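Each chain, letter by letter, is given below.
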Amino acid sequence: MYKPNSLRAHLTAAIPDLKRNPDKLLVFVDKGSLVTTRTKSRSFEYAYTLNIIITDYSDEEDALMVPLLAWVATHQADLLGNDDKGKGIRFMVDFNNHNSVDISLDLDLTERVIVKQTGTRLDIAHAGEVTTTPPYTDLY
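All figures in this text were calculated on a predicted structure; none of them were measured in a lab. (Residues numbered from 1 in each chain as written. Predicted model: local features only at pLDDT ≥ 70, side-chain atom pairs only at ≥ 80, totals over all residues. Heavy atoms only, no water.)

**Notes on the packing of helix α1 (residues 3-14) against helix α3 (residues 62-75)**
Item 1. Packing of α1 against α3 leaves a shortest axis separation of 10 Å and a crossing angle of 140 degrees. Every pair of crossing elements has a handedness; the one defined by α1 and α3 is right-handed. Residues Lys3, Ser6, Leu7, His10, Leu11 and Ala14 of α1 touch α3, and the partners they reach there are Leu64, Pro67, Leu68, Ala70, Trp71 and His75.
Item 2. A per-class count over the contact of α1 with α3 returns eight nonpolar, three polar and one charged. (Axes fitted to C-alpha atoms, helices over the stretch in contact; angles between N-to-C directions. Helix = DSSP H or I, 4+ residues; strand = E, 2+ residues; numbered from the N terminus. Left-handed = near helix turned anticlockwise from the far one by under 90°. Contact = heavy atoms within 4.5 Å. Nonpolar A, V, L, I, M, F, W, Y, C, P; charged D, E, K, R; others polar.)

**Things to note about α1**
Item 1. With 12 residues, α1 extends 16 Å between its outermost C-alpha atoms, agreeing within 8% with the 16 Å of an ideal straight helix rising 1.5 Å per residue.
Item 2. Regarding α1, the residues found buried are Lys3, Pro4, Ser6, Leu7, Leu11 and Thr12. (Expected span 1.5 Å × (residues − 1). Buried < 20%, exposed > 50% of the residue type's maximum accessible area, 1.4 Å probe, protein only.)

**Remarks on unusual backbone geometry**
Item 1. Here the phi dihedral of Lys31 falls at roughly 50 degrees; this positive angle occurs in a residue that is not glycine.
Item 2. Counting through the fold element by element, Lys31 comes out in strand β1 (residues 25-35).
Item 3. The class for Lys31 is exposed, based on a relative accessible area of 74%.
Item 4. One non-glycine residue, Asp56, adopts positive backbone phi at about 50 degrees.
Item 5. Assignment of secondary structure puts Asp56 in strand β2 (residues 44-57).
Item 6. The exposure class of Asp56 is partly exposed, given its relative accessible area of 40%.

By themselves, these observations are geometric and do not establish any function.
Following this line, the structure appears as structure tokens:
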């Protein structure tokens, strides 16, 4: 799976405290499943909840959420347009003391895997995210 490591690298680069202390960032894949169709294709989709835990976080929560949403906009944009407000991105905060918290984030992610047979060989590729054309491009 590509997305857990991608998000880890993004947050570590974007948040100074995690850059100094990368061990504060824990990443887990929970509730994983494989989504397949009943066709000849061997392509499939990973569907899972990515659980990120940041321990002893002492900065503003916004300093974490803004880089997180920037990553989501590129790697799982459908979460940003989620009309079901209780799904997609969830969090819990444990207050350790007056100076730090532990934050747990859950993101419902998917990754498409394209499998094509070339002769006797299987070519496997992770598909990029489907992006929509910005509406202003229709004006030109």
